[in-house]
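Listed below are the residues making up each chain.
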Amino acid sequence: MHILVTSPIPSHPQNHGNRARVTALCKALQALGAEIHYIYGGLEQLSDQQELEMREAWDHVHILPPYRMEDRNKSHRKHHLLDDWYVDAVTGLTQRIVDTWRIDYCIANYVWFSKWLETVPADIPKYIDTHDLFGGRHKRLRADGLPESWFSTTKQEEAKGFTRADTVIAIQSEEANLMRSMTKSPVVTLGHFITPDFLPPTDVQSSLQNGNKITVGYMASDNPINQQSLVEMDSAIGRRSDVLEHFEFRLAGSICSAACARNTQFQKLGFVPDARSFYTATDVIINPNIGGTGLKIKSIEAAAYGKALVATADAMAGIESRYPAHALADADAIVDFLASMNPAEAIGDGEKASKALVENYVADQSAAMQTLFPKLFGHEDQQPASNGS
Amino acid sequence: MTKADKILLVGSLPPTQSHAALLTHWIAAAATECGIEIVCLIDALAPPPATDLPYSVVRPFDEIIQSGAADKWPRLFVVGSGGDSLPVIETLQAAPGAVIAATQSLNNNALPWLQTSTDFPANMINWLTGAYGNAGAVVAEAYISHRRSSAELAEEIPAFDLLLGNAAAHLALNPVQACQLTDAGFNPVVSLSAPTAIATHAESSDNAPLRVSVIGADAATASLVIQALKSSGVSTRLDIAFLDRFSDQTAPAVLASNAVAILDGNDAAQCPYFELATANAIPLILAGQHWASALPNDAYINLNNFASPTPLVHALAALVSIDGLLAGLADGTRKHGQQSNQSDTWAAMISGAAATAKPVDLAEIFPVSQMQKPETARKTTQTVGENASGIFALIGSVPAQPVLQQLFPDLDTAACPKFLTPEIVQAAASFIGLPAAQLQDGMGFEAPLVASALSENQPQTTARKPRQWADIMPGLRRATQALEFGCTVRGAAQASPSGNIASWAFKIPADIAENQKITSAYDTNSGVYWTFDPVRGELKCIVLTGGRGCLEFRASANTPFVVTDLSSTHITQKEVGARFEIPTHGLGMFKIAALPSGDTSDLNMIKLLAQDGLLLEWSGL
């Protein structure tokens, strides 16, 4: 079984959510017996180490030359057109691969890097793994007070891209519903791939008896949305500085080197090579994310470790949960929740809620994989369909 | 002859145009004259030296080096400031011995040497700040941030400590250099002047014009000097010859002269023509070079400004006008020559220093490709003639497109997937210095390695396990049959690329030549994968031929190239090709460097190969 995957971003190292997504899906497919043909579109300059890791991870790897930022188009004054960042060399390469190998599925990561799907023979199922919604993204960012960054287009352009796929893959259910309103193509929700690795329950009682503060962790990359969330979290803590008597706030990930982290009230841990050790040493995980689209992978990752998660509703978009601390309004609400909770009880409840959430999530994930890749499950003739329509 | 009388002299030799090459030759010739057997080791890619030398010349791939015969010999290295000395420095690091620096600072080789390491520029900063403190940090910063360096700084910052630190003994060619080596923390032995073997100085008759050889003057100075001598009326009494330092005609011309003017060589630690002149009592005109400091003042005329023609004109006029001047200078040089020409002492000193070298395994230092020859085809293997048509999987050393098209005219070569076997990719990747997977992809091969009869029985060193052709084939859309080249693969038919002749051109595309960041590429038209080392000025390339035969490189323009396959070295010119035998496995690995010619002084390989390229000719056996 051969699966052709294109991606404008590298798969290694997994220090960004989108890279983690690409890697997790390809690894899951490999685990089911597929050979991965991975085409890297060159959106970022690769280090030798990155290239080596990618070549070791995937069965067939093709790396296109770096596509410099200054060479990328922005056809419209306010936004991009669908194929502005597409690299034409991808089409030639994918055609050659499809012509040479018996490719069973084609997956284009990002709708704006999907033009090559137009040349794929009709008998091969074609998917777009969307990662995010890019139609009107610039407007949403503006509305959230964030600067425009990366790729934004219109809903019409994005919908045009969706028609290239036999099935569109959404990373979370809320986005899947929006996509269904934009395209006639089936939409399947396939969340972030996680393997539950529940840590032992946190012993809050002993910690408090020993005079320790409760540790609250925020792990994030340095993208603008996360930076804004950190600024708001800092302000919220500043407004209720009494929480600092009982809680110690810790910051991990590349966000530590962002300018907004210079005078933060968080203790900076920097890039943490082993996420598990961070979660083990932290009592409560927060995700104060406001705005943005896509799946907040850090939320699902914290839940996969069975940690108590206190998050905004935005940070849990598309992740089904009825636990109140998973649907808070903003950073102030997170601080208020922490300040008012009974630590031992709330952390215990939070951990239970995370585990339940993850068990449901993994079951949905498995069903989605069977829907999308029936051949890998021994169902040769079954056509993929939408899992939410 | 005993073992002690034999020295492995590591350096470069003429026709390489460098002070180091000249000095290596003179040391080798002088030592041979003193009864020491010299075996001179030059780089695989060095241009072939003259064939009538009084000593033997070997390359790293030669039997004498690979067999271990030279492992215990005393070693002497001659290191200079040019690119030709980089391989010598590398060998010195791996197999320390006694060393002689051919130039006054070696600084010009410091940067290239540091650049050959992966920790550049940190190593440059460390070296300069370690040796010169804050001033060194400023110099490093000037280079790293602004690419600024200067010839004056090069003289001020010798690189002896950096480049020669590993040597077992240091020989200084003159007192100034001895001080520099001492400053660098070494305990140098000051070399006496090398004895000069040739001593057939021709005396001229009284009435003949005075013969003067001038070495190192540029063309403009030469013209101005001739004009000035004509106007002064002394030109009829002078027979003046302007000589190239590196020409093989220079030594005979010096011997035939009544006086010699040496104007360049300020960078050289010792000028062999100075030795030749003093040994033969030939009066000298010098330009304040370091190496002249040992000469008594009455033995030469010193020019206070060698960049201007006037002091030389005055000196020449004085030689023909002042009675007794020439004879007085000749007496001075004769006395110096007699003092310094102590062959036995010099030979003993050279032998003694070289003997400080400890035995090493030279074959390990100079690994020659150990790729095993593929097994002969199994009896059951079917062969496919030229009538093969359509789409096949091509496995092994799949030859360049022109050869492939000659072999199988009806094959849809553009649509045929290509696969490598582990032994071919291992050898090629190790030669080129890239991870195997990267090279495979770069050369247009599919990722899976196909198990060959050879690799089935070998422990695997590639990261990825080779697969049987039968396991790969079901995943291919159209190629259901396979052809093997230079290997034996279960289930594949033998391509038997014998008897055909094909010729084609290899050129680097202009857009790549203009983009100086690209230093390696695969040329699909010629089937050549190349990688350029800008520090050494050499191009490594891989050419797959599909099987046994002869591959010839021929220069398509006037610039000659030296080509080595690490088992032999040849020069290729427009009229003469460099011909190499390719073994059964069909993997050709070469190093190529441009040689200076009358037509061009720009030896930028990438530019030359973009302008003119090389012609390749293949004849299968």
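Residues numbered from 1 in each chain as written. Chains lettered and ligands numbered in written order. Predicted model: local features only at pLDDT ≥ 70, side-chain atom pairs only at ≥ 80, totals over all residues. Heavy atoms only, no water.

**Student:** Would you mind going over the environment of Asn-342 of chain A with me for this structure?
**Tutor:** Locating Asn-342 of chain A in the fold gives a position in the loop between helix H11 (331–340) and helix H12 (343–372). Each C-alpha atom, one on Asn-342 of chain A and one on Ser-321 of chain A, is 21 Å from the other, the two residues being 21 residues apart in sequence. (Helix = DSSP H or I, 4+ residues; strand = E, 2+ residues; numbered from the N terminus.)

**Student:** How do you make sense of unusual backbone geometry when you look at a structure like this?
**Tutor:** Both trends apply: most residues other than glycine have a negative phi, and most peptide bonds are in trans. A cis amide bond, omega -15°, links His-12 of chain A with the succeeding residue Pro-13 of chain A. A cis amide bond links Pro-14 of chain B with the next residue in sequence, Pro-15 of chain B, at an omega value of 20°. Secondary-structure assignment places Pro-15 of chain B in the loop between strand E1 (6–10) and helix H1 (19–33). At His-131 of chain A, a residue that is not glycine, the phi angle is positive and equals roughly 65°. Residue position: His-131 of chain A is located in the loop between strand E5 (126–129) and helix H4 (137–143). For Leu-106 of chain B, which is not glycine, the phi torsion reads 60° and is therefore positive.

**Student:** What exactly am I supposed to notice about the packing of helix H8 (residues 224–239) of chain A against H11 of chain A here?
**Tutor:** The description of two packed helices rests on the angle between their axes and on the distance between the axes. Residues and elements named next belong to chain A. One way to put it is that H8 packs onto H11 with a least axis distance of 8 Å and a crossing angle of 45°. On the basis of their axis angle, the class for H8 and H11 is oblique. For the element pair H8 and H11, the recorded crossing hand is right-handed. Facing H8, whose interface residues are Glu-232, Met-233, Ala-236, Ile-237 and Arg-239, H11 presents Ala-331, Asp-332, Ile-334 and Val-335. Within the contact of H8 with H11, the residues separate by chemical class into six nonpolar, no polar and three charged. (Axes fitted to C-alpha atoms, helices over the stretch in contact; angles between N-to-C directions. Parallel < 35°, antiparallel > 145°, perpendicular 65-115°, else oblique. Left-handed = near helix turned anticlockwise from the far one by under 90°. Contact = heavy atoms within 4.5 Å. Nonpolar A, V, L, I, M, F, W, Y, C, P; charged D, E, K, R; others polar.)

**Student:** Please clarify how the interface of chain B and chain A should be interpreted in this entry.
**Tutor:** You'll often see interface size given as the accessible area lost when the parts meet. The partner chain A presents 20 residues to the 17 residues of chain B that form the contact. Counting each side, the surface lost to burial between chain B and chain A is near 1,600 Å², with a carbon and sulfur contribution of 40%. Here chain B and chain A share four salt bridges between them. Salt-bridge contacts for Glu-35 of chain A lead to Arg-467 of chain B; the nearest nitrogen and oxygen are separated by 2.9 Å. At the surface where chain B touches chain A, the tally comes to 11 residue pairs in polar contact (both at pLDDT 80 or more). Top contributing element to the side of chain B that touches chain A by residue count: helix H18 (residues 436–442) of chain B, with three residues. Residue composition of the side of chain B that touches chain A, by class: nine nonpolar, two polar and six charged. (Buried area = accessible area lost by both parts, 1.4 Å probe. Salt bridge = Lys/Arg side-chain N within 4 Å of Asp/Glu carboxyl O. Polar contact = N/O pair within 3.5 Å; in protein donor to acceptor, adjacent residues only side chain to side chain.)

**Student:** Got a minute to help me understand the sheet that holds strand E8 (residues 210–215) of chain B in this structure?
**Tutor:** Each strand in a sheet pairs with another by means of backbone hydrogen bonds, the pair being arranged parallel or else antiparallel. Residue and element names in this part refer to chain B. With parallel pairing, five strands are arranged side by side in an open sheet as E9-E8-E10-E11-E12. Strands at the two margins of the open sheet, each flanked by one partner only, are strand E9 (238–243) and strand E12 (300–302). Neighbour to neighbour, the strand axes of the sheet diverge by 20° on average, direction disregarded. By the bridge criterion, two bridges tie strand E10 (residues 259–262) to strand E11 (residues 284–286) in an arrangement that is parallel. Within E11, the position partnered with Val-260 by the bridge is Leu-284. Lying on the sheet, helix H11 (residues 272–279) is in contact with E8, E10 and E11; it crosses E11 at an angle near 150°. (Pairing = 2+ DSSP bridges.)

**Student:** Before we go on, may I ask you to explain the sheet that holds strand E9 (residues 247–252) of chain A in this structure?
**Tutor:** Residue and element names in this part refer to chain A. Taking strand neighbours across the sheet as the criterion, the five strands line up as E10-E9-E8-E11-E12 in an open arrangement whose pairing is parallel. Both outer strands of the open sheet, strand E10 (267–270) and strand E12 (308–311), are each paired with one neighbouring strand and no more. Adjacent strand axes in the sheet meet at a mean angle of 30°, parallel and antiparallel pairs treated alike. Contacts from H12 reach strand E8 (214–219), strand E11 (284–287) and E12, with the element oriented near 90° to E12.

**Student:** What is the right way to read the pairing of E9 of chain A from this model?
**Tutor:** On a regular strand, each side chain points to the face opposite its neighbour's, so the side chains alternate between the two faces of the sheet. All names here are of chain A. Buried residues dominate E9, accounting for five of its six residues. Here E8 runs beside E9; their pairing, made up of six bridges, is parallel. The residue of E9 that forms the bridge with Met-219 is Ala-252. This β-α-β element, E8 to H8 to E9, shows right-handed connectivity. Relative to E10, E9 runs parallel, the two being bridged by three bridges. Bridge pairing links Arg-250 to Gln-267 in E10. (Buried < 20%, exposed > 50% of the residue type's maximum accessible area, 1.4 Å probe, protein only. Right-handed = clockwise from strand over helix to strand, strands pointing away.)

**Student:** Hey, could you run me through empty space enclosed by the protein in this one?
**Tutor:** Sizing a probe to match a water molecule and rolling it over the atoms shows the empty space that remains. Residue and element names in this part refer to chain A. Applying the stated rule across the entire model yields four cavities of 30 Å³ or more. Estimates place the volume of the second largest cavity at around 40 Å³. Secondary structure elements with two or more residues in the lining of the second largest cavity: E12 and H12. Among the residues forming the lining of the second largest cavity, the class breakdown is 10 nonpolar, one polar and no charged. (1 Å grid on protein atoms, 1.4 Å probe; cavity = no way out; pocket = protein on both sides within 12 Å on 5 of 7 lines; lining within 4 Å. Points joined across faces, edges and corners; volume = space filled by probe spheres on them.)

**Student:** Honestly, the pattern of salt bridges in this entry has me stumped. Any pointers?
**Tutor:** Overall, the coordinates contain 24 salt bridges over all chains when judged by the stated rule. Glu-552 of chain B is the partner of Arg-554 of chain B in a salt bridge, and the nearest nitrogen-oxygen pair spans 2.9 Å. Judged by its relative accessible area of 27%, Arg-554 of chain B is partly exposed. One connected set of salt bridges, linked through shared partners, spans Glu-51 and Arg-55 of chain A together with Asp-441 of chain B.

**Student:** I would appreciate a short explanation of the state of the cysteines in the present structure.
**Tutor:** What makes a disulfide is a covalent bond joining the sulfur atoms belonging to two cysteines. Taken as a whole, this structure holds zero disulfides over all chains when the rule is applied. Cysteine Cys-487 of chain B shares no disulfide, and the gap to the nearest cysteine sulfur, in Cys-416 of chain B, comes to 15 Å. (Disulfide = S-S within 2.5 Å.)

**Student:** Is there a simple way to explain the confidence of the model for chain A in this structure?
**Tutor:** Per-residue confidence for chain A averages 91 on the pLDDT scale, and 96% of its residues sit at or above 70. Within chain A, no element has a lower average pLDDT than H4 of chain A, which sits at 85, and none a higher one than strand E1 (residues 2–7) of chain A, at 98. (pLDDT = per-residue confidence, 0-100.)

**Student:** Help me out: how do you make sense of the packing of helix H10 (residues 297–304) of chain A against H12 of chain A in this one?
**Tutor:** Residue and element names in this part refer to chain A. The interhelical angle for the contact between H10 and H12, taken along N-to-C directions, is 110°, at an axis separation of 8 Å. Our classification of the angle between H10 and H12 gives roughly perpendicular. Counted together, Ile-300, Ala-303 and Ala-304 of H10 and Ser-354, Leu-357, Val-358 and Tyr-361 of H12 form the full contact between these two elements. In the contact of H10 with H12, the residues fall into six nonpolar, one polar and no charged.

**Student:** Mind showing me how you'd approach helix H8 (residues 175–183) of chain B here?
**Tutor:** Every α-helix carries 3.6 residues per turn, so stepping three or four residues along brings you back to the same face. All names here are of chain B. Listed in full, the buried residues belonging to H8 are Gln-177, Ala-178, Gln-180 and Leu-181. On an axial view of H8, the arc spanned by its buried residues comes to 160°, and they lie on one face. Residues of H8 that are exposed and angled more than 90 degrees away from the buried face: Cys-179 and Asp-183. Buried residues along H8 sit against strand E5 (98–101), helix H7 (160–164), strand E6 (169–172) and strand E7 (189–190). With a side-chain oxygen positioned 3.1 Å from the backbone nitrogen of Val-176, the residue opening H8 is Asn-174. Of the residues flanking the end of H8, it is Gly-185, one or two places downstream, whose phi is positive at about 95°. (Arc of directions from axis to C-beta.)

**Student:** Explain the confidence of the model for chain B here, please?
**Tutor:** Should pLDDT be low for a region, the predicted coordinates there are not to be read in detail. Residue-level pLDDT values for chain B average 85, and 90% of them are 70 or greater. Here the complex is predicted with pTM 0.80, and the ipTM for its interfaces comes to 0.77.

**Student:** Is there a simple way to think about a positive patch on the surface in this case?
**Tutor:** Residue and element names in this part refer to chain A. On the surface, Arg-77, Lys-78, Lys-139 and Lys-155 cluster together to form a positively charged patch. On the secondary structure map, Arg-77 appears in the loop between strand E3 (60–63) and helix H3 (89–100). Judged by relative accessible area, Arg-77 falls into the exposed class, the value being 70%. (Patch = residues over 30% accessible without salt bridge, like charges linked within 9 Å, V, L, I, M, F, W, Y side chains within 5 Å. Areas by Shrake-Rupley, 256 points an atom, 1.4 Å probe, with all protein chains shown as cover. Lys, Arg positive; Asp, Glu negative; His and termini not counted. Charge placed at Lys NZ, Arg CZ, Asp CG, Glu CD.)

**Student:** Help me understand H11 of chain A in this model?
**Tutor:** Residue and element names in this part refer to chain A. Buried within H11 we find Ala-331, Ala-333, Ile-334, Val-335 and Leu-338. For H11, the secondary structure elements touched by its buried residues are E8, H8, E9, E11 and E12. Structurally, the start of H11 carries an N-cap: the backbone nitrogen of Asp-332 is 3.3 Å from a side-chain oxygen of Asp-330.

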